[in-house]
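Working through the structure, step by step
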Amino acid sequence: MAKHVFLTGPPGVGKTTLIQKATRALKSSGIPIDGFYTEEVREDGRRTGFDVVTLSGGRGTLSKVGSDSTIARREYRVGQYVVDLVSFEQLVLPVLRNVNLDSGTGKKVCVIDEIGKMELFSQSFIQAVRQTLVGSGTVILGTIPIPKGKPLGLVEEIRSRKDVKVFSVTKENRDCLLEDIVTTVQNCRK
Ligand SMILES: Nc1ncnc2c1ncn2[C@@H]1O[C@H](COP(=O)(O)OP(=O)(O)OP(=O)(O)O)[C@@H](O)[C@H]1O
């Protein structure tokens, strides 16, 4: 029996869009849901970084292109992007902490979009996700990248868990998966 649901698939295939649709459907059926999405930031048509956006409307930087002097830890780099761990953790860790608090309303759903290279620089994030995975009060609805290059520890762990249902999103199936995803999340709460 699945306890958590993850979507995987190539970049740009529509994982975030599907998670947003599922979030709306789950919310409208009264299910408590929180978490965050990762969103591209574009300036003059060019991608300049990624923001994290919480379901409750908070926004912070995940990464920015180049060598922004306001980002102290230069070593956290993925390609041309420098990860702002301070900003990421400030926004995301309280959300994960809060979602794991028992509010007596039954299992909550926590959107974690995504668990990728950039996010995995944060040991506190890894710890918080692990805690949520093994805990019994929260269902994760998350995204993980398809395996490529060096294995990403936590992502491999998630894939190998027996209590995780992974949906592989493709251009061909992305318009047919919503109902199945929503039903699986609802069943995870039982
Ligand atoms: N079902 C769909 N039909 C048409 N366009 C779609 C569909 N789903 C997503 N898109 C478009 O594809 C683009 C990428 O979508 P989205 O951000 O959801 O993908 P993603 O898999 O989350 O990407 P990334 O891996 O970069 O986070 C967006 O412009 C979105 O509007």
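See the structure shown above.
Throughout what follows, the structure given in this document is the object of discussion. (Residues numbered from 1 in each chain as written. Predicted model: local features only at pLDDT ≥ 70, side-chain atom pairs only at ≥ 80, totals over all residues. Heavy atoms only, no water.)

Let's shift gears to the state of the cysteines. Applying the stated criterion to the full structure yields zero disulfides. With no disulfide partner, C188 has as its closest neighbouring cysteine sulfur the one in C110, 13 Å distant. Note on C188: relative accessible area 2%, which makes it buried. (Disulfide = S-S within 2.5 Å. Buried < 20%, exposed > 50% of the residue type's maximum accessible area, 1.4 Å probe, protein only.)

Consecutive side chains along a regular strand alternate between the two faces of the sheet. Sheet topology places strand 3 (residues 46-54) next to strand 4 (residues 59-65); five bridges connect them, and they run antiparallel. For V52, the partnering residue across the bridge sits in strand 4 and is G60. Remark: four residues form the turn of the hairpin made by strand 3 and strand 4, two consecutive strands paired antiparallel; G57 in that turn has positive phi of roughly 100°. One ladder, built from three bridges, connects strand 4 with strand 6 (residues 81-83); its direction is antiparallel. Along strand 6, the bridge assignment pairs K64 with V82. (Pairing = 2+ DSSP bridges. Helix = DSSP H or I, 4+ residues; strand = E, 2+ residues; numbered from the N terminus.)

This paragraph deals with the sheet that holds strand 1 (residues 4-8). Strands belonging to one sheet form pairs held by backbone hydrogen bonds; the direction of such a pair is parallel or antiparallel. Within the open sheet, the nine strands sit side by side as 5-6-4-3-2-7-8-1-9. Their pairing is mixed. Each having just a single partner strand, strand 5 (77-78) and strand 9 (164-168) make up the two edges of the open sheet. Against the sheet, helix 1 (residues 15-28) touches strand 1, strand 2 (33-43), strand 7 (108-112) and strand 8 (138-144), its axis set at about 145° to strand 2. Against the sheet, helix 5 (residues 178-188) engages strand 1, strand 7, strand 8 and strand 9, with an angle of about 155° to strand 1. (Contact = heavy atoms within 4.5 Å. Axes fitted to C-alpha atoms, helices over the stretch in contact; angles between N-to-C directions.)

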